[in-house]
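# Chains, contacts and geometry: an overview
Chain residues, written in single-letter form:
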Amino acid sequence: VQLQASGGGLVQAGGSLRLSCAASGRTFNTYVMGWFREAPGKEREFVAGITWSGGTTYYAVSVKGRFTISRDIAENMVYLQMNSLKAEDTAVYYCAAAWRRGRDYRTSVHEYDSWGQGTLVTVSS
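One structure accompanies this document, and this report is about it. From a predicted model like this one, the values you see are computed outputs, not experimental measurements.

### Comments concerning the packing of aromatic side chains
Scanning the entire structure with this criterion turns up six aromatic pairs. Between phenylalanine 36 and phenylalanine 46, the aromatic rings sit 5.6 Å apart at their centres with planes inclined by 75°, giving edge-to-face as the arrangement. You can see phenylalanine 36 sitting in strand E4 (residues 32-38) and its partner phenylalanine 46 sitting in strand E5 (residues 45-51), a full 10 residues away along the chain. Looking at phenylalanine 36, the relative accessible area reads 0%, which means it is buried. With 4.7 Å between their ring centres and 45° between their planes, tyrosine 58 and tyrosine 105 make a pair best called tilted.

Given below as structure tokens:
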């Protein structure tokens, strides 16, 4: 599965952005899609995940209630709607796909098999 993330940019605190991730290749093998982020000097961290077939969603505590992950199976797209953005949300955001059999709830980078190139989100305070 090949992934292409887009939609990042500069936004003021309190604003919104919508990230998109286009998937191509053997997407029918995908179990879970996720969004991660990596801030300067920090490790890559889980943000949100969604099961490809059932659409079950789950979130990191830091973004729950502000971010929404969704997918469009017909278009092979995954989205991350980010509202009420904070300065601490500034990071490079990556979409990822997991196709190895396993649990639906996957929050570790090691549980994902393909990664997009990342898109930068900068939130000014």
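### A look at the sheet that holds strand E7 (residues 67-72)
Read across the open sheet, the four strands follow the order E1-E3-E8-E7; overall the sheet is antiparallel. A single partner strand is all that each edge strand has here, and the edge strands are strand E1 (2-6) and E7. For this sheet, the mean angle separating the axes of adjacent strands, direction not counted, is 15°. Pairing analysis gives five bridges linking E1 to strand E3 (residues 17-24), with the strands arranged antiparallel. Counted as the bridge partner of leucine 3 is alanine 23 from E3.

The rules behind each value
- Residues numbered from 1 in each chain as written.
- Predicted model: local features only at pLDDT ≥ 70, side-chain atom pairs only at ≥ 80, totals over all residues.
- Heavy atoms only, no water.
- Phe/Tyr/Trp six-rings, centres within 6.5 Å; stacked < 30°, edge-to-face > 60°.
- Helix = DSSP H or I, 4+ residues; strand = E, 2+ residues; numbered from the N terminus.
- Buried < 20%, exposed > 50% of the residue type's maximum accessible area, 1.4 Å probe, protein only.
- Pairing = 2+ DSSP bridges.
- Axes fitted to C-alpha atoms, helices over the stretch in contact; angles between N-to-C directions.

Interpretation in functional terms is not warranted from these geometric data alone.
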